[in-house]
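# Secondary and tertiary structure notes
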Amino acid sequence: MRLLVVGKLSGQMSVAVKMVMDTGAKVSHVEGCQQALDALRKGQGADLLMVDYELDIAGLIASCDLEHIHITVVACGVNPDPRKAAQAITAGAKEFIPLPPDAELIAAVLAAVADDRRPLVTQDPAMQQVLKLADQVAGSDASILITGKSGVGKEVMARYLHEKSKRAQKPFISVNCAAIPDNLLESELFGHEKGAFTGAMARRIGKFEEADGGTLLLDEISEMDARLQAKLLRALQERVIDRVGGAKPVPVNIRVLATSNRNLSVAVKEGTFREDLLYRLNVINLALPPLRERPADIMALSEFFAKKYSEANGIALKPLSNEARRRLQAHNWPGNVRELENAMHRAVLLSAGSEIDAEAIRLPDGKPLNVEAPIGLDYVGRAAQAAESAARTFVGSTVAQVEQVLILDTLSHCLGNRTHAANILGISIRTLRNKLKEYSDAGVPVPAPQSGANAA
């Protein structure tokens, strides 16, 4: 997170700046709106402007709009006047932070814009395989396409790649191609020269130049306009960019990562995405599985988010009850990791006892999570639930009997798929096959591999 503070550093503003820096954000400061505009033009980029509401916020936002500078603004003020705060919001500020500052409010505002400190949390074998490939290619300069459903953690993976790369000490710049209107995105990416269009009062450095030496993430690239796709392709091939209205190519030294929640091969067939650009971006494809196909990650992430939001809200960390764990595992998580994070944030706030119980695990509308597996839940999720259910019936059995029931029940719910069953059980495929041969030789029926699609 890069924050540009605009206003005089009074005592309370200085306290707010220190709180922001304590979150790990990079903070720079200017005293007036014109200096802020100059800094943005020169590529001294920021993800967020925090502006004193005594300044001309409306004029600053209007100037940014005229010069195609896309940035979020929050207002702040000492002993806030409600009328001025309302005027700042009306002018286009997204939030208002009263000073003296509240640490939780500042943290929440920053988290709403970008969460640079989110680590990549995973324990599931399916995700571990993706992570292994990511580690192999992180040190290269190859373009990488990160694909997966919305909310699976594509940007988290992109930041992980940057931090593992030889460019880790250089900038990581992210541009959400879906969030920026087409008429602004070209200038946002490539910058512009003075006079390139009405309102271009000075040269402006774009994200390609801001990221020089580092990594540029093109988030949701499938939403990029076809004309811009052609310009992007040239930039990737030639390692030069053309500012809007510029006559001279500008060399850039960056590594490009891209994400998409759409199937770009289908987009190519539909004519909405360039095939040559797909080939250029897709040197390596990291396909992140949805959360329902990463059952071991559900609990790992639940515990991580419980700790995170307990600390953020000053609440003592509570363990998850057994029933809460069961409901978390049983839910289909159509919104993936993002949905789970929000559910755990609610659970931390709603939990009243010594544990986070099942009643605190709720959907946004207040309804409890599904107790039974929803219709259409994939066989991996059903197998994970079956394994947990079986574990509760093992009292009085020998270890060998427990192992046999667990293996065969899990395999049955995987529709015979050996690979998925081994992943859920946490054993190698070789060990699983040896066990199945042992059971078969003893006359115990074993589900055939052909009983499920993609059985191995």
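To keep things clear, this report deals only with the structure shown in the data block. (Residues numbered from 1 in each chain as written. Predicted model: local features only at pLDDT ≥ 70, side-chain atom pairs only at ≥ 80, totals over all residues. Heavy atoms only, no water.)

## Overview of the side chain of T259
Note the following rule: Each helix corresponds to a stretch of at least 4 residues labelled H or I by DSSP, and each strand to a stretch of at least 2 residues labelled E; elements are numbered beginning at the N terminus. We call a residue buried when its accessible area falls under 20% of the maximum for its residue type, exposed when it is over 50%, and partly exposed in between, using a 1.4 Å probe and counting protein chains only. Under this definition, polar contacts are N or O atom pairs within 3.5 Å; protein pairs additionally need one hydrogen-donor-capable and one acceptor-capable atom, and for neighbouring residues in sequence, both atoms have to be side-chain atoms. By definition, residues are in contact when any of their heavy atoms lie within 4.5 Å.
Relative to the helices and strands, T259 resides in strand β11 (residues 255-260). Given a relative accessible area of 0%, T259 falls into the buried group. At 2.4 Å, the side chain of T259 forms a polar contact with the side chain of D219. Beyond its immediate sequence surroundings of up to four residues, T259 is in contact with L145, I146, K154, L217, L218, D219, E220 and I221.

## What to know about helix α10 (residues 226-238)
Just so we agree on the cut-off: A helix is expected to span 1.5 Å for every residue after the first. Think of the arc as the fan of directions from the helix axis to the C-beta atoms.
Its 13 residues place the ends of α10 19 Å apart at the C-alpha level, agreeing with the 18 Å of an ideal helix rising 1.5 Å per residue. Among the residues of α10, those classed as buried are L228, Q229, L232, L233, A235 and L236. Taken down its axis, α10 places every buried residue within 165° of arc, on the same side. As for α10, its buried residues are in contact with α8 (182-190), α9 (207-210), β8 (215-219), β9 (240-241), β11 and α12 (275-281). The N-cap of α10, judged by a side-chain oxygen 3.0 Å from the amide nitrogen of R227 a few residues on, is D225. Two residues or fewer past α10, R239 is found with a positive phi of approximately 60°.

## Focus on the packing of aromatic side chains
The geometry of two aromatic rings is summed up by the distance between their centres and the angle between their planes. Rule in force here: Aromatic pairing here means that ring centres of Phe, Tyr or Trp (its six-membered ring) are within 6.5 Å. Orientation follows from the plane angle: under 30 degrees is stacked, over 60 is edge-to-face, and everything else is tilted.
Going through the model one piece at a time under the given rule, you end up with 3 aromatic pairs. Centroid distance Y53 to F96: 5.4 Å. Interplanar angle 40°. Geometry classified as tilted. In this pair, Y53 is assigned in the loop between β3 (48-52) and α3 (57-66) and F96 in strand β5 (residues 95-99), connecting sequence segments 43 residues apart. Judged by its relative accessible area of 10%, Y53 is buried. With a centroid separation of 5.1 Å and an interplanar angle of 10°, the aromatic rings of F190 and F208 are classed as stacked. Of this pair, F190 sits in helix α8 while F208 sits in helix α9; the two residues are 18 residues apart in sequence, bridging distant segments of the chain. With respect to class, F190 is no different from F208; both count as buried.

## What about the side chain of S143?
You can see S143 is positioned in the loop between α6 (125-137) and β6 (144-147). Residue class for S143 comes out buried when judged on its relative accessible area of 6%. Every residue in contact with S143, bar those within four places of it in the chain, is listed here: V256, R280, L281, V283 and I284.

## With respect to the pattern of salt bridges
Quick reminder of the rule: Just to be clear on terms, a salt bridge is a Lys or Arg side-chain nitrogen sitting within 4 Å of an Asp or Glu carboxyl oxygen.
Counted according to the given criterion, the structure contains 31 salt bridges. R243 serves as the salt-bridge partner of E193, at 2.8 Å between the closest nitrogen and oxygen. With E193 in the loop between α8 and α9 and R243 in the loop between β9 and β10 (250-251), this residue pair connects regions lying 50 residues apart in the sequence. The same class applies to E193 as to R243, namely buried. The salt bridge involving E223 is made with R262; its shortest N-O contact spans 3.9 Å. Of the two residues, E223 sits in the loop between β8 and α10 while R262 sits in the loop between β11 and α11 (264-270), which places them 39 residues apart along the sequence. Judged by relative accessible area, R262 falls into the partly exposed class, the value being 30%.

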